[in-house]
Protein chains: 2
Amino acid sequence: MSAGPVGVVSTPQTAGGKVVALETYDVRFPTSVTRLGSDAMNPSPDYAVAYVILRTDAGDGFSGHGYAFTIGAGNDVQVAAVRALEPYVVGVDVEGLCADLGGFSRRLVGESPLRWLGPEKGVMHMAIGAVVNAAWDLASKRAGKPLWQYLSELSPGEVIALADFRYLEDAISPTEAIEILEAVMPGRAERTSLLMERGYPAYTTAPGWLGYSDEKLALLCEEAVESGFKQVKIKVGGDLVDDLRRCRLVRDILGPEVALAVDANQVWDVPTAIRWIRALEQFDLAWVEEPTNPDDILGLAAIRRDVFPVPIATGENVANRVIFKQLLQAKALDVMQIDACRVAGVNENIINLLLAAKFGVRVCPHAGGVGLCEAVQHIAMFDFVSVSASMVGRQIEWIDNLHEHFVNPAQVVAGHYRLPTTPGASTEMRGESIIEYAFPHGPAWQASERTRA
Amino acid sequence: MSAGPVGVVSTPQTAGGKVVALETYDVRFPTSVTRLGSDAMNPSPDYAVAYVILRTDAGDGFSGHGYAFTIGAGNDVQVAAVRALEPYVVGVDVEGLCADLGGFSRRLVGESPLRWLGPEKGVMHMAIGAVVNAAWDLASKRAGKPLWQYLSELSPGEVIALADFRYLEDAISPTEAIEILEAVMPGRAERTSLLMERGYPAYTTAPGWLGYSDEKLALLCEEAVESGFKQVKIKVGGDLVDDLRRCRLVRDILGPEVALAVDANQVWDVPTAIRWIRALEQFDLAWVEEPTNPDDILGLAAIRRDVFPVPIATGENVANRVIFKQLLQAKALDVMQIDACRVAGVNENIINLLLAAKFGVRVCPHAGGVGLCEAVQHIAMFDFVSVSASMVGRQIEWIDNLHEHFVNPAQVVAGHYRLPTTPGASTEMRGESIIEYAFPHGPAWQASERTRA
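Residues numbered from 1 in each chain as written. Chains lettered and ligands numbered in written order. Predicted model: local features only at pLDDT ≥ 70, side-chain atom pairs only at ≥ 80, totals over all residues.

Quick look at the relation of the copies chain A and chain B now. The transform that puts chain A on chain B rotates by 180 degrees and translates by 0.0 Å along the axis, for an RMSD of 0.0 Å. These values place the two chain copies in the arrangement generated by a two-fold rotation axis. Rotation axis and chain A: the residue whose C-alpha lies nearest the axis is Gly122 of chain A, separated from it by 2.4 Å. The residues that chain A uses at the interface reappear at the interface of chain B in 100% of cases, marking a shared surface. (Least-squares fit on C-alpha atoms with pLDDT ≥ 70 in both. Contact = placed C-beta atoms within 7 Å.)

Have a look at this one:
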């Protein structure tokens, strides 16, 4: 791991100024060519981001970068939604923004006509997430700290001020949240050292896309074990005979000590999920992910009751904290898979972490896509230092793809995410990549069209 | 009511052809000037539609009209989402489309990259609803029938083919749905005659906007009673002292025989909702609407249990059939308020009606806004003729506003919706209105800017 103290990479700047521009970009990668990302619900995604840059006139050289992740068609709609936030962001005082990101986030989420478009879900909610995450990137750059550290050093009261407790009063109160945070205050420094030394556990989904041949699956599983991963996840849900064969193949390669998780990407209804999971449970599953629709709290709870003790995981498509609250209240999941870009950004994920801690459920973030590893690693590390104080059974998803497009890419070594040390949220994409993959007129797409034609 | 047989207003045309254009319009009405539509969550909406016209080259003169309803800012995002559906609609064979609207709807809802933007919720889901409803307008015009009649004359098997049972297997099977529909087949003709004679009951929300003075509230309540309405709904949730005074005022005017419903528009969390409803229940409430977040199935169920026997209503912001399924499974509501434009159009509302029938819950559609009365009346009338076969305790919301912009506006006489007799879904807006209220460059907005400046 990187030696040297964290957080002194650049000198903190706190010049004044205003947000002067909210720039948006439609950036797409032609991943469908290789079938990377193919699963039972999504046969041929083109990974994409609705990318946003917050520019300021503070004169400190810092800008805030964020994005919503989509899988191709409709990314233009996502970009339009981000752009619709311009009137609420441009002109805002930068110091005030960075000093009250809780207020900023709540204002965007609560803005009545935009809220009507959800409420608090789908395209508009993800757009708010992109802008809120960009503001966090800006704030942590200005503070000269990587986001995980910036968050981890906040007092319990400051953390609570960032969270939106609206609609959660029946599950967690601010007082309870403060108690959770205060209880783990003493070990913060020690856990930070541990993170610096070991990093945070990762598991890999790279081998198991549904569009891959058995040969490719086997080869990638062998590589995953050699690379030091302690868990591999594969896609299931297309055909049961195929799934049985693939699970057996993978289980044989992994051996008894490496965990195997499976992911159905919502393709089953409740009775089908129960039948299918019972057929697969012989492979000692670490978890079954998204066995059905992510809105189906009662359905997930019914599945979990029925297939006990197979653990149930969901979250990458959970729209907001109100659904997470209920998944916990209904005992519908064993593993909560927060996503950096599905909800309203860092702030909503802070309350999601607090809910998980209150209910004693482990968080294993969803990642992959474009920049999801980069963004969510900070949240998981903050969780370890300041919220759950645990890494037991916890790991962040890892797919080694598209990281080269980021200025400070997430890095996994020996099955562990390395601790980011550069100021910011790791969400800044390289300018060359934005230009190369701009849709539909960027050079990569012109070349892709030529190849396909 | 209109005499004469229904459905022979124009001769059915079944010329071939393809969909050649999906036109979109951003149409907004400056309603915030009068505070019409103001409630505890939405203080000053500008009612708006993302409007879509499906044009064909069939040569029969028919086009399909539909819309998503929003409350102002962000309507451009909604328009962008409708436009994103163009590749899935333009070029489609018109006869094939009209003959398989179930398949059409399922293809749009299931299209993987668009589904990622929800899934099945928010901006993209409402956009699908707009296009699906436009296709229904086209199909029923081509059949020469008003939509309610077109639907009501389908066989149980044809109705089932329109519905999407995905994720509902644990609540209702196609076989059960067929049984529900077959059981009420015998009385269809009689119920159609009853509708022609009496229409469908309406209740009014016009008096009770939160931005109205007590004097205006009182005057409008008197007018509502004189007009023959048997239920009035007012907004609550801003301030309890105000609510108590307003409820008392309204209850005194309505007398003991006219029902009073209240609507909190989601402003409460669970414990606050319980306290507030207990304070208001003295006014003999017909229902309390949206006491909390519409995603909070468990919260709504907890509220309902606690305030029994005060009926709980929700639905206008329920994103899809999976949430409705759970609201019914959890016994979280007494009144299911479907909305014509929040879900994926006519098709998703058919399955919502079937779910309600299965669980024995009454449906009282949400309406108002722009064109919501026009669109949803057909669904409620179809429900009466072919699904629930009941009007007991059922009524459609009515707000007498903005109807003049429609070619065939909904009409309420003596507290009842009149049966639409013109072919189509009543969703066609007048061309003059689209031009006048086009945002931001239409004449009405230029005038409004002058007024405000």
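Moving on to the sheet that holds strand E3 (residues 64–70) of chain B. All names here are of chain B. The strand order E1-E2-E3 describes an open sheet built from three strands, whose pairing is antiparallel. Unpaired on one side and paired on the other, strand E1 (19–28) and E3 mark the two borders of the sheet. Mean inter-strand twist for the sheet, computed between neighbouring axes without regard to direction, equals 15 degrees. Where helix H1 (residues 75–83) meets the sheet, its contacts fall on E1, strand E2 (48–56) and E3, and the angle it forms with E1 comes to roughly 175 degrees. (Pairing = 2+ DSSP bridges. Helix = DSSP H or I, 4+ residues; strand = E, 2+ residues; numbered from the N terminus. Axes fitted to C-alpha atoms, helices over the stretch in contact; angles between N-to-C directions.)

Counting buried residues along helix H1 (residues 75–83) of chain A, seven of its nine residues qualify, which places the element largely inside the surrounding structure. Turning to H1 of chain A, its buried residues number three or more, namely Asn75, Val77, Gln78, Val79, Ala80, Ala81 and Val82 of chain A. Tucked inside the fold, the buried residues of H1 of chain A contact strand E1 (19–28), strand E2 (48–56), strand E3 (64–70) and helix H6 (122–142) of chain A together with H1 and helix H6 (122–142) of chain B. (Buried ≥ 20, exposed ≤ 12 C-beta atoms within 10 Å, placed from the backbone.)

Of note, the bond from Gly118 of chain B into Pro119 of chain B is cis; its omega dihedral lies within 30 degrees of zero at -10 degrees. Within the fold, Pro119 of chain B resides in the loop between helix H5 (112–116) and H6. In this structure, the amide linkage connecting Phe439 of chain B to the following residue, Pro440 of chain B, adopts the cis form with an omega of 5 degrees. Tracing the sequence through the fold places Pro440 of chain B in the loop between helix H18 (431–436) and helix H19 (443–452). Phi is positive for Lys331 of chain A, close to 55 degrees, though the residue is something other than glycine. Here Lys331 of chain A shows up in the loop between helix H15 (321–329) and strand E9 (335–336). In this structure, Ser426 of chain B takes a positive phi of about 65 degrees despite not being glycine. With respect to the element layout, Ser426 of chain B can be found in the loop between strand E13 (416–417) and H18.

Okay, helix H16 (residues 345–359) of chain A next. Over its 15 residues, H16 of chain A extends 21 Å from the first C-alpha to the last, a length consistent with the 21 Å expected when each residue adds 1.5 Å. Most of H16 of chain A sits inside the fold, with 13 of its 15 residues counted as buried. (Expected span 1.5 Å × (residues − 1).)

To continue, consider the nonpolar core. For soluble globular proteins, nonpolar side chains are generally found buried alongside one another. With 324 residues, the main nonpolar core has Ala127 and Val131 of chain A together with Ala127 and Val131 of chain B as its most contacted residues. Both domain 1 (19–145 + 433–452) and domain 2 (180–429) of chain A contribute no fewer than three residues apiece to this core. When sequence neighbours within four positions are dropped, the list of residues in contact with Ala127 of chain B reads Ala68, Gln78, Ala81, Val82, Ala84 and Leu85 of chain B. (Core = buried A, V, L, I, M, F, W, Y, C linked by C-beta atoms within 7 Å. Domains from an automatic or database assignment.)

As for its placement among the helices and strands, Glu111 of chain B is situated in the loop between helix H4 (101–110) and H5. It is 15 Å that separates the C-alpha atoms of Glu111 of chain B and Val123 of chain B, two residues lying 12 residues apart in sequence.

All names here are of chain B. In contact at an axis separation of 10 Å, H4 and H6 are set at 165 degrees when each is read in the N-to-C sense. Judged on the interaxial angle alone, H6 and H4 are roughly antiparallel. The handedness of the crossing between H4 and H6 is right-handed. Taking contact as the criterion, the partners of Leu101, Phe104, Ser105, Leu108 and Val109 in H4 are, on H6, Ile128, Val131, Val132, Ala135, Trp136 and Ala139. Among the residues making up the contact of H4 with H6, the classes are represented as 10 nonpolar, one polar and no charged. (Parallel < 35°, antiparallel > 145°, perpendicular 65-115°, else oblique. Left-handed = near helix turned anticlockwise from the far one by under 90°. Nonpolar A, V, L, I, M, F, W, Y, C, P; charged D, E, K, R; others polar.)

Further remarks concern the sheet that holds E2 of chain A. All names here are of chain A. Reading across the sheet, the three strands line up as E1-E2-E3 and stay open at both edges, with antiparallel pairing between neighbours. What marks the edges here is a single partner per strand, and that holds for E1 and E3. If you compare each strand with its neighbour and ignore which way they point, the axes differ by 15 degrees on average. Across the sheet, H6 touches E2 and E3, and the angle it forms with E3 is around 150 degrees.

What follows deals with the domain arrangement of chain A. All names here are of chain A. For chain A, the assigned domains are domain 1 (19–145 + 433–452) and domain 2 (180–429). Only E2, E3, helix H4 (101–110), H6 and helix H18 (431–436) provide two or more residues apiece to the side of domain 1 that touches domain 2. Of all the elements, H6 adds the most residues to the side of domain 1 that touches domain 2, at 12 residues. Partitioned by chemical class, the residues of the side of domain 1 that touches domain 2 number 19 nonpolar, 14 polar and seven charged.

Residues and elements named next belong to chain A. Counting buried positions over the nine residues of strand E4 (residues 200–208) gives nine, a clear majority of the element. Sheet analysis places E4 next to strand E13 (residues 416–417), joined by two bridges and oriented antiparallel. If you follow Pro201 over to E13, its bridge partner there is His416. Sheet analysis places E4 next to strand E11 (residues 396–398), joined by three bridges and oriented parallel.

Another point: the confidence of the model for chain A. Residue and element names in this part refer to chain A. In the predicted model, chain A carries a mean pLDDT of 94, and 96% of its residues have values of at least 70. A low-confidence stretch, residues 1–14 (pLDDT under 50), is modelled with 29 contacts involving residues beyond four sequence positions or located in other chains. Model confidence for the complex is summarised by a pTM of 0.95, with the ipTM given as 0.94. (pLDDT = per-residue confidence, 0-100.)

Residue and element names in this part refer to chain B. Its location among the elements puts Val258 in the loop between helix H12 (240–254) and strand E6 (259–263). Separated by 34 residues in the primary sequence, Val258 and Ala224 have C-alpha atoms spaced 9.9 Å apart. In contact with Val258, other than residues within four places in its own chain, are Val225, Lys230, Gln231 and Val232.

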